[in-house]
2 protein chains.
Amino acid sequence: MPLWVYDRLMARAATTSDVFNAIAEPQRREILVLLRAGERPVTELAQELGMTQPGASKHLRVLREVGLVRDRKAGKQRLYGLDARGLRPVHEWAGGFERFWNESFDRLDAYVQDLKAGKAGKE
Amino acid sequence: MPLWVYDRLMARAATTSDVFNAIAEPQRREILVLLRAGERPVTELAQELGMTQPGASKHLRVLREVGLVRDRKAGKQRLYGLDARGLRPVHEWAGGFERFWNESFDRLDAYVQDLKAGKAGKE
DNA sequence: TTGACGCATGCCGTTATGGGTATATGATCG
DNA sequence: CGATCATATACCCATAACGGCATGCGTCAA
């Protein structure tokens, strides 16, 4: 749909195009958490999250389009289930920074040395 | 700044208020990756990412406001360095789904059983 | 078939976002 | 001080994002 045929202006990449963008929304993250407990129909999710049914549907659509959830028709309702495989890249990407938040750098740069020397490791 | 005192309309939480939102932007993720190699001045980052200096500055601002980078004055320039601690929650959040993408559920719901039975584990 | 239910979509309104260009601010140097 | 480099900001523009409401559509029950 968004063909990125802009002249010079562009806003943001569509949230439906990237898992990182999809999970940028707190409520969508909430949905994913809820779905860890199992499938759920839309209305139930909407209730649990305190949002309207259309609201839930829209978020679910985004999650579906990036592949984080799957839907299955179950009679009158539609059950949404988790497909967390798409979260693995996120986990790995963030994991790539692990040594940095542990502050055990194998390569200290001036910035860090500054911290240790000046502030005695504090903060 | 955003006090969320809307009447009935609201868009999305400001990107500067949430790490998940801050890293939703591909170029900002790129910046973080680059900074793993050490501090860098703005212009250098801009070059490496193929964006304008103001562009880089804006992204750095966002990253700074969510605490993912620190800046340090170095004479004429301003060196930006990584502070990856804020990425830990992201890593942990995504990690909370690990057993799901491994598909070794301790609690199979109808959805999953459906998959295994119907599609013989395929897909 | 007619309702009622469950969900998706469409439309509207407001804000956030991201990029560009021009410009203000800061610091350094001659 | 004046010129210059390094950044940050201020606008402006176009568009994506979110929420609310109304509505369309498929399904199931009476």
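Each chain has its residues counted from 1, following the order in which its sequence is written. Numbering of ligands from 1 and lettering of chains from A proceed in the order in which they are written. Given that this is a predicted model, residues contribute local features only at a pLDDT of at least 70 and side-chain atom pairs are listed and counted only at 80 or more, while totals for whole chains, interfaces and linings are drawn from all residues. Heavy atoms throughout the structure, all of them, feed into the side-chain values; hydrogens and water do not.

A. Broad picture of the interface of chain A and chain B. Contacts between the two partners involve 39 residues from chain A, matched on the other side by 37 residues from chain B. Once two parts are put together, the accessible area they lose, assessed with a 1.4 Å probe and summed over both, is termed the buried area. When chain A packs against chain B, close to 4,100 Å² is buried across both sides, 61% of that on carbon and sulfur atoms. The rule for a salt bridge is simple: a side-chain nitrogen of Lys or Arg has to be within 4 Å of a carboxyl oxygen of Asp or Glu. At the boundary of chain A and chain B, one finds 2 salt bridges. The partner of Arg29 of chain B in a salt bridge is Asp18 of chain A, with the nearest N and O atoms 3.3 Å apart. A 3.5 Å cut-off defines polar contacts: any pair of N or O atoms within that distance qualifies, except that in protein one atom must be a possible hydrogen donor and the other a possible acceptor, and neighbouring residues in sequence count only when both atoms are side-chain atoms. Remark: the boundary between chain A and chain B carries 5 residue pairs in polar contact (both at pLDDT 80 or more). In what follows, residue pairs with any heavy atoms lying within 4.5 Å of each other are defined as contacts.

B. Looking closely at the relation of the copies chain A and chain B. Superposition record for chain A on chain B: RMSD 0.1 Å, screw rotation 180°, translation along axis 0.0 Å. The operation mapping one copy onto its partner corresponds to a two-fold rotation axis. Closest approach to the rotation axis within chain A is made by the C-alpha atom of His91 of chain A, at a distance of 2.5 Å. An overlap of 95% is found between the interface residues of chain A and their copies at the interface of chain B, pointing to a shared contact surface. Least squares is the method for superposing the copies, and the C-alpha atoms it fits come from residues with pLDDT of at least 70 in both.

C. Broad picture of the packing of helix H2 (residues 26-35) of chain A against helix H3 (residues 42-49) of chain A. Residues and elements named next belong to chain A. Across the interface, H2 lies against H3 with an axial gap of 11 Å and an inter-helix angle of 120°. Relative to H3, the crossing made by H2 is right-handed. From H2, Gln27, Glu30, Ile31, Leu34 and Leu35 reach across to H3, where they touch Leu45, Glu48 and Leu49. In this classification, Asp, Glu, Lys and Arg are treated as charged, Ala, Val, Leu, Ile, Met, Phe, Trp, Tyr, Cys and Pro as nonpolar, and every other residue, Gly included, as polar. The residue inventory of the contact of H2 with H3, partitioned by class, reads 5 nonpolar, 1 polar and 2 charged. Axis lines are fitted to C-alpha atoms, over the contacting stretch for helices. Their N-to-C directions set the angle, which ranges from 0 to 180 degrees. In this text, helices come from DSSP runs of H or I with a minimum length of four residues, and strands from runs of E with a minimum of two, each type numbered from the N-terminal end. Handedness of a helix crossing follows the sense of rotation of the near helix relative to the far helix, less than a right angle counterclockwise being left-handed and clockwise being right-handed.

D. Region of interest: the pattern of salt bridges. This structure, assessed with the given rule, holds 20 salt bridges over all chains. The partner of Arg72 of chain B in a salt bridge is Glu39 of chain B, with the nearest N and O atoms 2.8 Å apart. Within this pair, whereas Arg72 of chain B is found in strand E2 (residues 69-74), its partner Glu39 of chain B is found in the loop between helix H2 (26-35) and strand E1 (40-41), the two being separated by 33 residues in sequence. When its relative accessible area of 15% is taken as the criterion, Glu39 of chain B is described as buried. Because the salt bridges share partners, they merge into one network encompassing Arg40, Glu44 and Glu48 of chain A. Burial here depends on accessible area, computed with a 1.4 Å probe over protein chains only, as a share of the maximum for the residue type. Under 20% is buried, over 50% is exposed, and the range in between is partly exposed.

E. Summary view of the sheet that holds strand E3 (residues 77-82) of chain B. Residue and element names in this part refer to chain B. Spatially, 3 strands are ordered E1-E3-E2 in an open sheet, and the strand pairing comes out antiparallel. Looking at the sheet topology across the chains shown, the edges are occupied by E1 and E2. Here E1 runs beside E3; their pairing, made up of 2 bridges, is antiparallel. When the sheet's bridge partners are listed, Arg40 is paired in E3 with Tyr80. With respect to the sheet, helix H4 (residues 53-65) is in contact with E2 and E3, its orientation differing from that of E2 by roughly 115°. A pair of strands is treated as paired once DSSP finds two or more bridges between them.

F. Inspection of the nonpolar core at higher detail. Counting residues in each nonpolar core, the largest one holds 60 residues, and the members touching the most others are Leu32 and Leu87 of chain A together with Leu32 and Leu87 of chain B. In this structure, Leu87 of chain A is in contact with Val19, Ile23, Leu32 and Leu68 of chain A together with Trp93, Ala94, Phe97 and Trp101 of chain B, ignoring residues within four places of it in sequence. By nonpolar core is meant a set of buried Ala, Val, Leu, Ile, Met, Phe, Trp, Tyr and Cys residues that side-chain atoms within 4.5 Å join together.

G. Representation of the confidence of the model for chain A within the structure. All names here are of chain A. pLDDT expresses, on a scale from 0 to 100, how confident the predictor is about each individual residue. Scored by pLDDT, chain A comes out at a mean of 81, with 70% of its residues at no less than 70. Looking at the elements of chain A, mean pLDDT is at its lowest for helix H7 (residues 110-119), recorded as 48, and at its highest for strand E1 (residues 40-41), recorded as 98. This model gives residues 1-11 a pLDDT under 50, and the stretch forms 6 contacts once residues within four places in sequence are excluded. Taken as a whole, residues 116-123 scores under 50 in pLDDT and shows 8 contacts with residues more than four places along the chain or in a different chain.

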